[in-house]
Amino acid sequence: MTGHFPLFPLPSSLSRRDFDFLCQPFTEAIKEKIVAAPAAHISFIHTKGEIEPLSSRHDTQNTPILQQVCAATQRAQTPATHEDCLLLPFFVSDTHTAVALIQGIDPFLVKKMSPDWLQEIRDTLQHEFLRIKWARTDLQTGLLNAFHLYSVLNSLPPGQWIGLSLVELYPQTRTAIEEIRHLRKAARALQSVIGENTPLFHIGQSVFAYPAWHCSEADLTRSGPRIIALCKRERFKSVHIGYSCGLSGSDNSDDRVDRTGQDLLDEAWQALQIAGRRGPFSFCSYRLLQNSQCHPLYASKRPLLIRAKPCGQAGQTRALQRCMRQLEQFALIQLHPSTTTESIFDLIHPETFDLTGGKAFQGPQADAYILLPTANQKAILVLAHQVTRALASESKDFGPVAAGIALFPYAHFKKNEIILNCQKALLHGALEGEGAITVFNALSLNVSGDIYYGEGDIPRAITEYRHGLEISPDDINLLNSLGVSYAMINRQTLAKNCFLQALAIDSKNFMAWYNLGLGRELQNDLPGALLAFEHAWACPLENDQDTALVRRELPLQLARLYCQTEHHQKSLDLLLPWHAVKPKESEADLANRSFCLLGESLFGLGRIEEARIALQRAILINEFDADALSLLGDIYLLRNEGDQIALKLCAKSLEINPAPPIFHFRLAKALINGGFWEEARAALRPCLRDQKLKGMAQARMGLLYHRWGKNAAASRWLNKALAQSEIRNNENGPPWQQQAQALLFKISSNSTTDNDRRKNAHL
């Protein structure tokens, strides 16, 4: 019943998104067909309100008239003209028509265009648009293909900012059908993260791409952890992400100004290769590979010390590191002006500051170092305030001067690491504002670890967090950050230990409970995950944006676990208030999951009609939601609203996700109702290996053989179902147990009646 060819068929119709994602080739097709519009401005209109911002190119006084013409064109489904504009309607669905608004044609030529000719052009273009869609669709996933990605990247206008992400979700499969299922699952997961309004491409070999316009690099890279979190929840074995972004037609370097879309693709590919070497779940930005020498935490390992000036003592010039090696204890201050590229080294005069025994060194760019042979933190802070205030008043061009201070000896750090510690202190101070004076400590390592984590360098982030915990073992933020980093590289036991250690310090820490719940769920410890999420839900609210986003998703995590453990009323009590707050457009994935969970909760409580409505809404958001499709098919079967519809829904859910045994069980029920005995028996076999479904599957197998006319086999299966110890000792068993007992009694009675008839006939 489900063995049809697995590739998507060629599209037979256009969708609304086609006019957004395929706008460029559609525009070129129109200009080829309509010779009078080579320089015209073409836009695709879905509602008449979209005309207003476009009409500024021409006479804005005609906007209301043009809107009326557009609305009439959509209703009548026939081409129309207005002054220098041509409107061609294109059928999308029963409820929607897209209109191609062509502006800037010679009004004399517009008057000469006959309705029949325009209708013929529209029909020709409708078929041409469909052929364009065929050529640019990947039949394995239904997404846009590599050909269209090249077309988009090669047609970028100069000076346009664009980001490109490549995502590799390589499958661990044995057959072709498993690989196709993996690809479709990956496509749905990625689309749910980036949103329906962002084009997603499958360029082959389980590598996906999505461009982003008008967004910063920070926004682009912020999607990396979200994608990884979702893929881990969906049980993907690995995911690697590479980013690149910049202006088309230019480059950051001075020796190259011809940056093309192909260059952007090459850069993202290089970043993807680096991400692949960092671990199973990782990401990387090309900018960091290209400008690694400018990275604040990399450059400090090779300090550019040009000259040194003794302060208060005579002696020869010595390199900073050599001076540090000769001291048993010292303090190093790195001075960093906020607004100038001119060095502040020459402004540090020995007679101005009390630097007896100290030296000043010129550092990288505009920075300067002061090395003092003392580790008295209080005295050093006083000196740092004096120096920074004096330098800031010396020249207004400098702006506020920040200071990063590192001491030796300190914790386990070696002398050659102190320069880098100064830089970390500066990065730490930058969070407090310009001109901050910061002493290197555990929080500085938390900041540097977060920088590495945000760039996808998880091993370096783990090193920073561990060093921070050596200084401050009870720092909850460090413990949480280290646990999350361990989870990113699939070290779940180490991650769990970090979260438990954080909770031993603060039993009401929201993020520790939440992260612990995620880890337990990945280890299939559902009771433990449920307990952790319940503790997280009970934690006090925090005024933090990241925590707020997690709290928005937490009710869905809890509701899903409640449904899996059959606490449907608890799930409903969480979901109804969640739906009281209207989901944002960026929360389409959450909305889909919430409606599916709402349907499952209502179904578990026997509120079948409400469950059907919720599941239908879930499918409207995501037509490939296997959970919603399977349960909706079961509802159609239960309500006798169409056995064939139920069978198609259950079969489609298994095509999307063949793993859950409950999907096989629901399909078997539909097949039994349809009289497909062999197929139903094959569908029930995976359910017999699932402890939760084993009894129901055995009872359903008995019903199958009874309807098949094989009552002896039916009795054997029914007895197996009722012979389980937990069933035998349960007087008030589930409904399927009562049905199995009734069917077994019916079969036994019929068998006894048949035997009596045979005996009477013999006599």
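Data block above holds the structure.
Here we summarise the structure given alongside this text. (Residues numbered from 1 in each chain as written. Predicted model: local features only at pLDDT ≥ 70, side-chain atom pairs only at ≥ 80, totals over all residues. Heavy atoms only, no water.)

1. Focus on the overall build of the protein chain
Cut-off, in case you're wondering: Under the DSSP-based scheme used, a helix requires at least four consecutive residues in state H or I and a strand at least two consecutive residues in state E, with every element numbered from the N terminus. Each residue's exposure class comes from its accessible area (1.4 Å probe, protein chains only) as a fraction of the maximum for that residue type: buried when under 20%, exposed when over 50%, partly exposed otherwise. We get accessible surface area from the Shrake-Rupley algorithm with a probe of 1.4 Å; when it comes to residues, only the shown protein chains can shield them.
Secondary structure assignment for the protein chain yields 32 helices and 16 strands. Split into buried and exposed, the 763 residues of the protein chain put 50% on the buried side. Of the roughly 37100 Å² of accessible surface on the protein chain, 52% is carried by carbon and sulfur atoms.

2. Looking at the nonpolar core
The tendency in soluble globular proteins is for nonpolar side chains to be buried side by side. Selection criterion: To define a nonpolar core, start from buried Ala, Val, Leu, Ile, Met, Phe, Trp, Tyr and Cys residues and group those joined through side-chain atoms within 4.5 Å. Only heavy atoms matter for contacts: two residues are in contact if any of them lie within 4.5 Å across the pair.
Of all hydrophobic cores here, the largest spans 64 residues; its most connected members are Val167, Leu169, Phe208, Ile227, Val239 and Ile241. Setting aside its immediate chain neighbours within four residues, Ile241 contacts Leu166, Val167, Gly224, Ile227, Ile228, Leu272, Ala275, Ser282, Phe283 and Cys284. Leu575, Leu597, Ile635 and Leu718 belong to the second-largest nonpolar core, a separate cluster that totals 63 residues.

3. Some words on the packing of aromatic side chains
Note the cut-off: The aromatic pairing rule takes the rings of Phe, Tyr and Trp, using the six-membered ring of Trp, and pairs them if the centres are within 6.5 Å, calling planes under 30 degrees apart stacked, those over 60 edge-to-face and the rest tilted. Over a ring means this: the NZ of a Lys or the CZ of an Arg is within 6 Å of the ring centre and within 35 degrees of the ring normal.
Taken as a whole and assessed by the stated rule, the structure comprises 16 aromatic pairs. With 6.2 Å between their ring centres and 40° between their planes, Phe19 and Phe90 make a pair best called tilted. One end of the pair, Phe19, is in helix 1 (residues 18–21); the other, Phe90, is in strand 3 (residues 85–93), and 71 residues separate them in sequence. In this structure, Phe19 and Phe90 share a single accessibility class: buried. For the pair Tyr514 and Phe533, a centre-to-centre distance of 5.7 Å together with 45° between the ring planes defines the contact as tilted. Here Tyr514 is found in helix 19 (residues 510–522), whereas its partner Phe533 is found in helix 20 (residues 526–538), with 19 residues between them in sequence. Accessibility classification places Tyr514 together with Phe533 in one group, the buried group. The side chain of Arg551 reaches across the aromatic face of Phe510, ending 4.2 Å from its centre. The ring of Trp578 carries Arg552 above its face, with NZ or CZ at 3.9 Å from the centroid.

4. As for the pattern of salt bridges
How we decide: Salt bridge, as applied in this entry: a Lys or Arg side-chain nitrogen positioned within 4 Å of an Asp or Glu carboxyl oxygen.
In the structure shown here, the tally under the stated rule is 15 salt bridges. Close ionic contact of Arg131 with Glu128 constitutes a salt bridge, the shortest N to O distance being 2.9 Å. Taken together, the residues Arg131 and Glu128, both in helix 6 (residues 115–135) and three residues apart, mark about one turn of the helix. For Glu128, a relative accessible area of 24% translates into the label partly exposed. Across the pair Arg460 and Asp457 runs a salt bridge, and its minimum N-O distance is 3.1 Å. Taking the relative accessible area as the measure of exposure, Arg460 reaches 31% and is therefore partly exposed. Given the relative accessible area of 9%, Asp457 is considered buried. In this structure, a network of salt bridges that share partners links the residues Glu609, Arg612, Arg639 and Glu641.

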